[in-house]
Amino acid sequence: MVWDHFVKMKNVDGSMRKPGRVKCKYCPQTYANDSRSNGTSTMKGHVTLQCRKSPIYIGSKRQRQLSFEPSEKGGNLVAIAFENKTSKLACERMVVHDELSFSFVENEGFREFMRVTQPEF
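Residues numbered from 1 in each chain as written. Predicted model: local features only at pLDDT ≥ 70, side-chain atom pairs only at ≥ 80, totals over all residues. Heavy atoms only, no water.

## Digging into the overall build of the protein chain
Turning to step 1, where the next piece is worked out: Along its length, the protein chain carries three helices and five strands.
Turning to step 2, where the next piece is worked out: Its C-alpha atoms give the protein chain a radius of gyration of 21 Å, clearly above 14 Å, the size a compact globule of 121 residues would have.
Turning to step 3, where the next piece is worked out: In the protein chain, buried positions account for 17% of the 121 residues.
Turning to step 4, where the next piece is worked out: Pairs at least 24 apart in sequence give 25% of the contacts found in the protein chain among residues at least 6 apart. (Helix = DSSP H or I, 4+ residues; strand = E, 2+ residues; numbered from the N terminus. Rg over C-alpha atoms; globule rule 2.2 N^0.38 Å. Buried < 20%, exposed > 50% of the residue type's maximum accessible area, 1.4 Å probe, protein only. Contact = heavy atoms within 4.5 Å.)

Structure below.
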């Protein structure tokens, strides 16, 4: 049950907050919880798809792709999913490692390449 992962927030004097809010038990994220206008869907999405500290976190529901990861003994197939944060970090490393100008990623050629290879980037 989603309520097992949230606590109702109270005012300093101990009274319940109006309008009601709840806080995730694993991170500082809060959500509105007025029973008439807010359901529990956003809370469920938070603990299953966003909060990595949650015990029921499953991550992205997107289909993963198989990728070959070379190693000294041949290599392995690994399932990977696109993550925007990881992709941006890899792009930053490429710019620094290859001593490219920072404007490289703003060029039309790079943008077209990324649209073709990974439209979500």
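## Some thoughts on the nonpolar core
Turning to step 1, where the next piece is worked out: With nine residues, the main nonpolar core is built from Val-2, Phe-6, Val-22, Cys-24, Cys-27, Tyr-31, Met-43, Val-47 and Cys-51.
Turning to step 2, where the next piece is worked out: Mapped by element, the contributors of at least two residues to this core are strand S2 (21–24) and helix H1 (41–50).
Turning to step 3, where the next piece is worked out: Apart from residues lying up to four places away in sequence, Cys-24 is in contact with His-5, Phe-6, Gln-29, His-46 and Cys-51. (Core = buried A, V, L, I, M, F, W, Y, C linked by side-chain atoms within 4.5 Å.)

## Topic: the packing of aromatic side chains
Turning to step 1, where the next piece is worked out: Counted according to the given criterion, the structure contains two aromatic pairs.
Turning to step 2, where the next piece is worked out: On the basis of an interplanar angle of 75° and a centroid distance of 6.2 Å, the ring pair of Phe-6 and Tyr-31 is categorised as edge-to-face. With Phe-6 in strand S1 (residues 6–8) and Tyr-31 in strand S3 (residues 30–32), the pair connects residues that are 25 residues apart, well separated along the chain.
Turning to step 3, where the next piece is worked out: Using a relative accessible area of 14% as the deciding quantity, one classes Tyr-31 as buried.
Turning to step 4, where the next piece is worked out: Seen from the ring of Trp-3, Lys-8 lies directly overhead, with NZ or CZ sitting 5.6 Å from the centre. (Phe/Tyr/Trp six-rings, centres within 6.5 Å; stacked < 30°, edge-to-face > 60°. Lys NZ or Arg CZ within 6 Å of the ring centre and 35° of its normal.)

## Quick look at the environment of Ala-79
Turning to step 1, where the next piece is worked out: In this fold, Ala-79 is placed in strand S5 (residues 76–80).
Turning to step 2, where the next piece is worked out: Judged by relative accessible area, Ala-79 falls into the partly exposed class, the value being 47%.
Turning to step 3, where the next piece is worked out: Residues Ala-79 and Asn-33, 46 residues apart in the sequence, show an inter-C-alpha distance of 37 Å.
Turning to step 4, where the next piece is worked out: Ignoring any residue separated from it by four or fewer positions in sequence, one finds Ala-79 in contact with Arg-64, Gln-65 and Leu-66.

## Details of a nonpolar patch on the surface
Turning to step 1, where the next piece is worked out: Taken together, the side chains of Leu-66, Phe-68 and Leu-77 make up a nonpolar region of the molecular surface, amounting to roughly 380 Å² of accessible area.
Turning to step 2, where the next piece is worked out: Taking relative accessible area as the criterion, Leu-66 reaches 66% and is therefore assigned exposed. (Patch = residues over 30% accessible without salt bridge, like charges linked within 9 Å, V, L, I, M, F, W, Y side chains within 5 Å. Areas by Shrake-Rupley, 256 points an atom, 1.4 Å probe, with all protein chains shown as cover. Salt bridge = Lys/Arg side-chain N within 4 Å of Asp/Glu carboxyl O.)

## Focus: the pattern of salt bridges
Turning to step 1, where the next piece is worked out: Tallying each qualifying case throughout the model produces two salt bridges.
Turning to step 2, where the next piece is worked out: A salt bridge links Arg-115 to Glu-108, with the nearest nitrogen and oxygen atoms 2.9 Å apart.
Turning to step 3, where the next piece is worked out: One salt bridge in this structure joins Arg-115 and Glu-112, with 3.1 Å as the shortest N-O distance. Linking Arg-115 with Glu-112, this pair stays in helix H3 (residues 108–117), spanning three residues, or about one helical turn.
Turning to step 4, where the next piece is worked out: Residue classification places Arg-115 among the partly exposed positions, given a relative accessible area of 46%.
Turning to step 5, where the next piece is worked out: What you see here is one network of salt bridges that share partners, running through Glu-108, Glu-112 and Arg-115.

## Focus on the sheet that holds S1
Turning to step 1, where the next piece is worked out: Across the sheet, three strands lie side by side as S1-S2-S3; this open sheet has antiparallel pairing. This sheet does not close on itself; its edge strands, each paired only once, are S1 and S3. Within this sheet the neighbouring strands show an average axis-to-axis angle of 30°, counted without direction.
Turning to step 2, where the next piece is worked out: The sheet contact formed by S2 and S3 spans three bridges and is antiparallel. Looking at S3, one finds that Lys-23 is bridged to Thr-30.
Turning to step 3, where the next piece is worked out: Docked against the sheet, H1 engages S1, S2 and S3, running at close to 155° with respect to S3. (Pairing = 2+ DSSP bridges. Axes fitted to C-alpha atoms, helices over the stretch in contact; angles between N-to-C directions.)

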